[in-house]
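Each chain is listed here by its residues.
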Amino acid sequence: RIPVSITSSIIYIKNKPDLQGIFRAITEETKIEEKLVESENSLKESQRIAQVGSYKTDFIKGIWISSEALDNIFGIDKNYIRSINGWSKIIHPDDMKMMDIYLKEEVIKKQQSFNKEYRIIRRFDGQTRWVHGLGEVEFNNKGKIISMLGTIQDITDIKELDDAKSGFLAIASHQLRTPLSITKWVLESLLYDENLTPKQREKLIDLTNSNERLINLINDLLKVSMIDTGKLVVDKKLVDIKQLVNNLSFAFKILAAKNKKSLQLIAPP
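Described below are features of the structure shown in this document.

Calculation notes
- Residues numbered from 1 in each chain as written.
- Predicted model: local features only at pLDDT ≥ 70, side-chain atom pairs only at ≥ 80, totals over all residues.
- Heavy atoms only, no water.
- Helix = DSSP H or I, 4+ residues; strand = E, 2+ residues; numbered from the N terminus.
- Buried < 20%, exposed > 50% of the residue type's maximum accessible area, 1.4 Å probe, protein only.
- Areas by Shrake-Rupley, 256 points an atom, 1.4 Å probe, with all protein chains shown as cover.
- Pairing = 2+ DSSP bridges.
- 1 Å grid on protein atoms, 1.4 Å probe; cavity = no way out; pocket = protein on both sides within 12 Å on 5 of 7 lines; lining within 4 Å.
- Points joined across faces, edges and corners; volume = space filled by probe spheres on them.
- Nonpolar A, V, L, I, M, F, W, Y, C, P; charged D, E, K, R; others polar.
- Core = buried A, V, L, I, M, F, W, Y, C linked by side-chain atoms within 4.5 Å.
- Contact = heavy atoms within 4.5 Å.
- Axes fitted to C-alpha atoms, helices over the stretch in contact; angles between N-to-C directions.
- Salt bridge = Lys/Arg side-chain N within 4 Å of Asp/Glu carboxyl O.

## Observations concerning the overall build of the protein chain
Okay, so step 1: The helix and strand inventory of the protein chain stands at seven helices and seven strands.
Okay, so step 2: Overall, the protein chain shows an N-to-C arrangement of helices and strands of β-β-α-β-β-α-α-α-β-β-β-α-α-α.
Okay, so step 3: The buried share of the protein chain, taken over its 269 residues, is 23%.
Okay, so step 4: Within the structure as shown, the protein chain displays about 20300 Å² of accessible surface, and the carbon and sulfur contribution to it stands at 58%.

## Things to note about the pairing of strand 4 (residues 63–66)
Okay, so step 1: In the sheet, strand 3 (residues 52–58) pairs with strand 4 via four bridges, with the strands oriented antiparallel. If you follow Tyr55 over to strand 4, its bridge partner there is Ser66.

## Quick word on the layout of surface pockets
Okay, so step 1: In this model, the largest pocket occupies a volume close to 390 Å³.
Okay, so step 2: Along the wall of the largest pocket there are 20 residues; nearest its centre are Phe59, Ile84, Trp87, Ile91 and Leu103.
Okay, so step 3: The set of elements that each furnish at least two residues to the lining of the largest pocket consists of strand 3, helix 3 (84–90), helix 4 (96–108), strand 5 (114–121) and strand 7 (145–154).
Okay, so step 4: Among the elements that line the lining of the largest pocket, the one with the most residues is helix 4, at six residues.
Okay, so step 5: Across the lining of the largest pocket, the residue classes tally to 15 nonpolar, three polar and two charged.

## Brief notes about the nonpolar core
When a protein is soluble and globular, its nonpolar side chains tend to lie buried together.
Okay, so step 1: Of all hydrophobic cores here, the largest spans 22 residues; its most connected members are Phe74, Trp87, Tyr118 and Ile152.
Okay, so step 2: Elements with a contribution of two residues or more to this core: helix 2 (68–74), helix 3, helix 4, strand 5, strand 6 (128–139) and strand 7.
Okay, so step 3: Those residues in contact with Phe74 that sit more than four places away from it in its chain are Trp64, Trp87, Ile90, Ile120, Ile121, Arg122, Arg123 and Ile152.

## Thoughts on the sheet that holds strand 6
Okay, so step 1: Strands sit in the order 4-3-7-6-5 across an open sheet of five strands; the sheet is antiparallel. One side of each edge strand has no neighbouring strand; the edge strands of this open sheet are strand 4 and strand 5. Within the sheet, the average angular offset between the axes of one strand and its neighbour, ignoring direction, is 25°.
Okay, so step 2: Contacting strand 5, strand 6 and strand 7, helix 5 (residues 156–190) crosses the sheet at an angle of about 125° to strand 6.

## With respect to the pattern of salt bridges
Okay, so step 1: Tallying each qualifying case throughout the model produces nine salt bridges.
Okay, so step 2: Measuring nitrogen to oxygen at the nearest pair gives 3.0 Å for the salt bridge that ties Lys159 to Glu117. Residue Lys159 is located in helix 5, and its partner Glu117 is located in strand 5; the two are separated by 42 residues in the primary sequence.
Okay, so step 3: As a salt-bridge pair, Glu212 and Lys184 come within 2.9 Å of each other at their nearest N and O atoms. Placement of Glu212 in helix 6 (residues 198–228) and of Lys184 in helix 5 is noted, with a sequence separation of 28 residues between them.
Okay, so step 4: Take Glu212: its relative accessible area is 27%, and that puts it in the partly exposed class.

So this is what it looks like as structure tokens:
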């Protein structure tokens with residue numbers, strides 16, 4: 001059995017109807033169509049597993065189309081009105097202003113690609129979800145935005161994992177810093193003992209410095225975790241770079257001089 005395409009018509013010969021037609025084998029065309037359907041199904045399944053949906057927005061007409069996976073992320077069905085206002089209703093109210101500023105200042109004004117994490121309210125259950133949107137934007141010769149084509153991924157699970165990691169590091173760092181702070185106090189108190197030999201005093205100073213470096217390392221790890229989750233509050237202020245470098249150089253020169261491997265720190269003038 002092979003698939004065929006039939007084109008036929010009725011013609012009249014001596015006022016008598018006669019059906020004539022052409023049969024054409026379409027085996028190759030059918031195989032191509034089957035592969036296209038298979039590829040489309042594979043793409044849908046891949047998007048479902050990765051929780052990634054695709055979209056295209058037409059800013060001239062004020063409408064957008066979405067893949068089945070994106071509909072699932074947004075919690076909408078085929079009857080949902082896919083207008084610019086319909087898109088706005090999905091974005092979390094607390095992120096609306098941030099998104100508006102980002103689109104106007106970063107995407108439209110600077111004509112950059114869309115790359116932003118934000119929250120949505122899933123329509124069918126009202127649940128707050130985190131998503132990461134990516135998009136390539138098309139502008140006309142007057143710099144007006146025409147369309148945007150991209151993907152949106154549900155990253156709620158990743159966000160929750162980061163929060164859990166950040167919480168664990170916060171608890172762990174607190175549990176570590178407490179005994180280290182006590183150790184630091186004990187070591188510094190011992191340094192006031194006038195009966196210490198020079199060798200004992202040197203060892204205590206080394207222990208104190210090592211304890212301080214360990215505390216700083218724990219603080220830095222916690223800050224890195226806070227940066228990853230966007231929870232670190234940045235204190236912006238003017239810094240004298242030259243003085244900062246000199247202070248760091250001085251600190252590491254002392255550490256290098258105390259090292260038993262005869263290390264030297266050579267800093268530029």
